[in-house]
There are 2 protein chains.
Amino acid sequence: MRALEEKIVAEGKVYPGNILKVSSFLNHRIDVDFIMEMGEEIARLYRDCGVNKILTIEASGIAIAVGAAAHMHVPVVFAKKNNTSNLNADLYSSQIHSFTHNRDYHVVVSKEFLSPEDRVLIIDDFLANGAALNGLLDIVAQSGAETVGAAIAIEKGFQHGGDELRRKGLRIESLALIDSMDDGAITFR
Amino acid sequence: MRALEEKIVAEGKVYPGNILKVSSFLNHRIDVDFIMEMGEEIARLYRDCGVNKILTIEASGIAIAVGAAAHMHVPVVFAKKNNTSNLNADLYSSQIHSFTHNRDYHVVVSKEFLSPEDRVLIIDDFLANGAALNGLLDIVAQSGAETVGAAIAIEKGFQHGGDELRRKGLRIESLALIDSMDDGAITFR
């Protein structure tokens, strides 16, 4: 999505360690008109796929998921982050390693809100090594629902989490796919 | 908003300690078509007020804020929760006491995203004793911006946080205002 690439170049900030901050429109301040355009593009990419539920993860995935859901007219379920392993029979739970913060956390989804008849589109703001996406895929698998695909705002292609999952057959649509950001210069695939 | 009152009666679950769970459409699973209607109502209530920014708090405020912002065509800034006091010159910070979890936490907003020329509408999912709303008001005051008012999905009127702030002159529009939920029977004001 060219408008997103342009926005990343104009407003994104690259920090050492391949960190890209897009706080001005995605992660802290949300440019809602733009988020709704991104949602419309996601809806277009996954039209006619029978998606009946969107799964995302708090907090920064919620806005994009809502933008897509507003165009697809399906509900959103957001996975909640827990610092502790919560062995609760009412919850699906998966462990995720955060490379950014170098620690593990758990994501949980109430069993009420995901079931075998669901056809799920997973939406998140970033995809890098794939840890969060793998956690969400695990939760969908536990529920017996089917993952139709994933839609990501910004994929860091040079961290290869997306490539690995595509090789396994997962459909992933990234609205912007960054191949490198060496020396602060962002190159899109 | 009668549709919200009906939804609370139909889907809300009342637990001891005056706890109301609306996880099926607001806090975990998000009924996005309905959230967009709530957003449209908020936009109507605050039309012609010169609002140029919406402030909310992660995570469950984000969806409603996005719903309103999509109709008002203004950006959303969401305050982030921190467990520790973060003395950072780049952040506005306020301490909030959670009565639900009986602990204090901090909310922070980057100084980049709130400034004296802003006319801010604060949006949140719940208003009870007013702790979170007071924290957000404090942050807007620190920035020198003006708070135009607050829009709340569900106010627990019997906990009186809203009444106290209204007496101080704050405009608060609650889409559903609950006066009591004794014995699980919900009465609206």
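Residues numbered from 1 in each chain as written. Chains lettered and ligands numbered in written order. Predicted model: local features only at pLDDT ≥ 70, side-chain atom pairs only at ≥ 80, totals over all residues. Heavy atoms only, no water.

**Student:** Any chance you could explain the interface of chain A and chain B here in plain terms?
**Tutor:** A common way to state how big an interface is: give the accessible area lost once the parts meet. Contacts between the two partners involve 29 residues from chain A and, on the opposite side, 29 residues from chain B. Of the roughly 2,600 Å² buried between chain A and chain B, counting both surfaces, carbon and sulfur atoms make up 67%. The interface formed by chain A and chain B includes two salt bridges. Notably, a salt bridge pairs Glu 112 of chain B with Lys 13 of chain A, separated by 3.4 Å at the nearest N-O pair. Summed over the shared surface of chain A and chain B, the result is 12 residue pairs in polar contact (both at pLDDT 80 or more). For the side of chain A that touches chain B, the elements supplying multiple residues, two or more each, are α2 (23-27), β3 (29-30), α3 (32-45), α4 (61-72), β5 (76-82) and β7 (103-110) of chain A. The biggest single contributor to the side of chain A that touches chain B is α4 of chain A, with five residues. In terms of residue class, the side of chain A that touches chain B is built from 17 nonpolar, six polar and six charged. With two bridges joining them, β3 of chain A and strand β5 (residues 76-82) of chain B adopt antiparallel strand pairing. Residue pairing for β5 of chain B: Ile 30 of chain A is matched across the bridge by Val 76 of chain B. (Contact = heavy atoms within 4.5 Å. Buried area = accessible area lost by both parts, 1.4 Å probe. Salt bridge = Lys/Arg side-chain N within 4 Å of Asp/Glu carboxyl O. Polar contact = N/O pair within 3.5 Å; in protein donor to acceptor, adjacent residues only side chain to side chain. Helix = DSSP H or I, 4+ residues; strand = E, 2+ residues; numbered from the N terminus. Nonpolar A, V, L, I, M, F, W, Y, C, P; charged D, E, K, R; others polar. Pairing = 2+ DSSP bridges.)

**Student:** In this structure, what is going on with the packing of aromatic side chains? I would like to understand it.
**Tutor:** A ring pair, where both rings are aromatic, is described by two values, the distance of the centres and the angle of the planes. All chains considered together, the criterion is met by two aromatic pairs over all chains. With a centroid separation of 6.1 Å and an interplanar angle of 90°, the aromatic rings of Phe 25 of chain A and Phe 34 of chain A are classed as edge-to-face. On the basis of relative accessible area, Phe 25 of chain A is assigned to the buried category, the value being 0%. The ring of Phe 34 of chain B is capped by Lys 7 of chain B, whose NZ or CZ atom sits 5.0 Å from the centre of that ring. (Phe/Tyr/Trp six-rings, centres within 6.5 Å; stacked < 30°, edge-to-face > 60°. Buried < 20%, exposed > 50% of the residue type's maximum accessible area, 1.4 Å probe, protein only. Lys NZ or Arg CZ within 6 Å of the ring centre and 35° of its normal.)

**Student:** I would appreciate a short explanation of unusual backbone geometry in the present structure.
**Tutor:** Excluding glycine, residues mostly have negative phi values, and the peptide bonds linking residues are mostly trans. Glu 58 of chain A connects to Ala 59 of chain A through a cis peptide bond whose omega is -10°. Structurally, the position occupied by Ala 59 of chain A is in the loop between β4 (53-57) and α4. Of note in the backbone geometry, His 73 of chain A takes a positive phi value of approximately 55° without being a glycine. Its identity as a non-glycine residue notwithstanding, Asn 18 of chain B has a phi of 60°, on the positive side.

**Student:** In this structure, what is going on with the side chain of Thr 56 of chain A? I would like to understand it.
**Tutor:** By secondary structure assignment, the location of Thr 56 of chain A is in strand β4. Setting aside residues no more than four positions away along its own chain, Thr 56 of chain A makes contact with Gly 61, Ile 62, Ala 65, Val 76, Val 77, Phe 78, Ala 79, Ile 123, Asp 124 and Leu 136 of chain A.

**Student:** Where do I start with the environment of Ala 132 of chain B in this structure?
**Tutor:** All names here are of chain B. With respect to the helices and strands, Ala 132 occurs in helix α5 (residues 131-143). Sequence separation of Ala 132 and Ser 94 is 38 residues, and the distance between their C-alpha atoms is 9.5 Å. In contact with Ala 132, not counting residues within four places along its chain, are Ile 96, Tyr 105 and Asp 124.

Geometric values such as these leave the question of function open.
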